[in-house]
Amino acid sequence: MPTNNTLTTHLIQDLTHLMSTKYTLHTPTIRQITETELQKNSPPAVRLRRLLSTPQPPALEKLRKTSAYKQFYKLVSKKVYTRARTYHRPRSTGATTPLSTLEAHTSTAERQPNLTQFFQPLRDLLKPAQYIVDIGSGIFPLQFDYSSTPNLQTYLAIERNTRSMEILKQNADRLPRQVSTIHSDIGDIDWDEVLTKYTGNRNFDIAFILKTVAVIMRQRQSTTLSRLLATPANTLVLSGNKRSLTKGRSIIAREKRTLLEFIQKSGRNILQQYETGDEIVYVVS
Ligand SMILES: C[S@@+](CC[C@H](N)C(=O)[O-])C[C@H]1O[C@@H](n2cnc3c(N)ncnc32)[C@H](O)[C@@H]1O
């Protein structure tokens, strides 16, 4: 059934605009999701297409009031939300330039403009560090400033996400030889084994747990949380996001509460705290 082309174009523009004011996803991706969903045979899409193909289709303002539109809006909204929640976002078809590696993970992409702010306050801590563990690393090992750790022996990244691990492997030539990876859920980590293998049974000097404490607290897995609390490192660098992944809203208060709860549970003391453009950071020992 042919639909009214102008009205369909306006409808797609309208929905794309509405979603882009709500969610952090790039507009071309939202448009692509909307277009794809409208072509599918889901009941809301079929009903909406039927309305669009009537000889005298309603004007956009009227269309917005129909239940077909509202249900379709809900459906697209769900899809956009789900896509916005993923750390590794597929390229939108409208992209004209390839994604740089760091843009491939939302956390590192958000941090990229704030790198100096992030690393500067850690300078004195990083300089003598020999053994570093990075838990829920994402692709942060590709963003880490190795020039700040002249004494580095081992940088161990632990991550359960297969895509992040693939990206680290594909870019191994950009990483120093000290970097090792463990593809695993933190809940399955045996710290004694890790120390034997990677540090010669001494504690790590630093553990990075960046933008990951809240993620793990939300998983409500007691083993995972206790493994994280038991991280064998003298100093922990913990951070949380300032903005939500999906809607870009400020979540500073919530993330601070979660980080402070974790710090309290760990029995450690706060040595330093600061903020960058995208994250709040606590250094604890
Ligand atoms: C918000 S991202 C942060 C990535 C990176 N630390 C950064 O700040 O750039 C959270 C990461 O933690 C990982 N993660 C979540 N739960 C995990 C678990 N139980 N074990 C290992 N990794 C986990 C996710 O796959 C994701 O890459």
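Structure shown above.
Trainee: Explain the side chain of Ser244 to me, please; I cannot follow it from the model alone.
Mentor: Tracing the sequence through the fold places Ser244 in the loop between strand S5 (233-241) and helix H13 (252-266). On the accessibility criterion, Ser244 (13% relative accessible area) is buried. With near-sequence residues (within four places) excluded, Ser244 lies in contact with Thr24, Arg249 and Ile251.

Trainee: Explain the pairing of strand S6 (residues 270-275) to me, please; I cannot follow it from the model alone.
Mentor: Summarising the sheet, S6 and strand S7 (residues 279-284) pair through five bridges and their orientation is antiparallel. The residue of S7 that forms the bridge with Glu275 is Ile280. Between S6 and S7, which follow one another and run antiparallel, lie three residues.

Trainee: I tried to follow helix H10 (residues 191-198) on my own but got confused; where do I start?
Mentor: The α-helix advances 3.6 residues per turn, and as a result positions three or four apart in sequence lie on the same side. Here H10 has its buried residues at Trp191, Val194, Leu195 and Tyr198. The buried residues of H10 all sit within an arc of 95° when viewed along its axis, so they share a single face. Structural note: H10 exposes Asp192, Glu193, Thr196 and Lys197 on the side pointing more than 90 degrees away from its buried face. Of the surrounding secondary structure, the elements contacted by the buried residues of H10 are strand S1 (131-135), strand S2 (154-159), strand S3 (179-183), strand S4 (204-210) and helix H12 (222-229). Two to three positions downstream of the cap, the backbone nitrogen of Asp192 sits 3.0 Å from a side-chain oxygen, assigning the N-cap of H10 to Asp190. Once H10 ends, the next one or two residues include Gly200, with phi positive near 70°.

Trainee: In this structure, what is going on with the pairing of S2? I would like to understand it.
Mentor: Working note: regular strand, side chains alternate between the two faces of the sheet. Across the six residues that make up S2, a large majority, six, are buried. Both faces of S2 are covered, namely the face carrying Thr154, Leu156 and Ile158 and the face carrying Tyr155, Ala157 and Glu159. With five bridges connecting them, S1 and S2 associate as parallel partners. In the strand pairing of S2, Val133 is matched with Leu156. Judged from the five bridges that link them, S2 and S3 form a sheet pairing that is parallel. The partner of Glu159 across the bridge, within S3, is His183. Following the backbone out of S2, through helix H9 (residues 162-170) and into the adjacent parallel S3, one traces a crossover that is right-handed.

Trainee: Any chance you could explain the nonpolar core here in plain terms?
Mentor: Nonpolar side chains in soluble globular proteins generally cluster together in the buried interior. The biggest cluster of nonpolar side chains holds 29 residues, and the ones touching the most others in it are Trp191, Phe204 and Leu238. With 28 residues, the next largest nonpolar core counts Ala104, Phe144, Leu152 and Val237 among its residues.

Trainee: What exactly am I supposed to notice about the packing of aromatic side chains here?
Mentor: Ring pairs (aromatic) are described by centroid distance and by the angle formed between their planes. Here the structure, examined in full by the defined rule, presents eleven aromatic pairs. Where Phe140 meets Phe208, the ring centres are 5.6 Å apart and the plane angle is 65°; that geometry is what we call edge-to-face. Here Phe208 lies in strand S4 and Phe140 lies in the loop between S1 and S2, a separation of 68 residues in the sequence. Overall, Phe140 belongs to the buried group, its relative accessible area being 2%. An aromatic cluster is defined as three or more aromatic residues linked by ring pairs; in this entry it consists of Phe118, Phe119, Phe140, Phe144, Tyr146, Tyr155 and Phe208. Sitting over the ring of Phe118, Arg111 keeps its end group 5.4 Å from the ring centre.

Calculation notes
Residues numbered from 1 in each chain as written. Predicted model: local features only at pLDDT ≥ 70, side-chain atom pairs only at ≥ 80, totals over all residues. Heavy atoms only, no water. Helix = DSSP H or I, 4+ residues; strand = E, 2+ residues; numbered from the N terminus. Buried < 20%, exposed > 50% of the residue type's maximum accessible area, 1.4 Å probe, protein only. Contact = heavy atoms within 4.5 Å. Pairing = 2+ DSSP bridges. Arc of directions from axis to C-beta. Polar contact = N/O pair within 3.5 Å; in protein donor to acceptor, adjacent residues only side chain to side chain. Right-handed = clockwise from strand over helix to strand, strands pointing away. Core = buried A, V, L, I, M, F, W, Y, C linked by side-chain atoms within 4.5 Å. Phe/Tyr/Trp six-rings, centres within 6.5 Å; stacked < 30°, edge-to-face > 60°. Lys NZ or Arg CZ within 6 Å of the ring centre and 35° of its normal.

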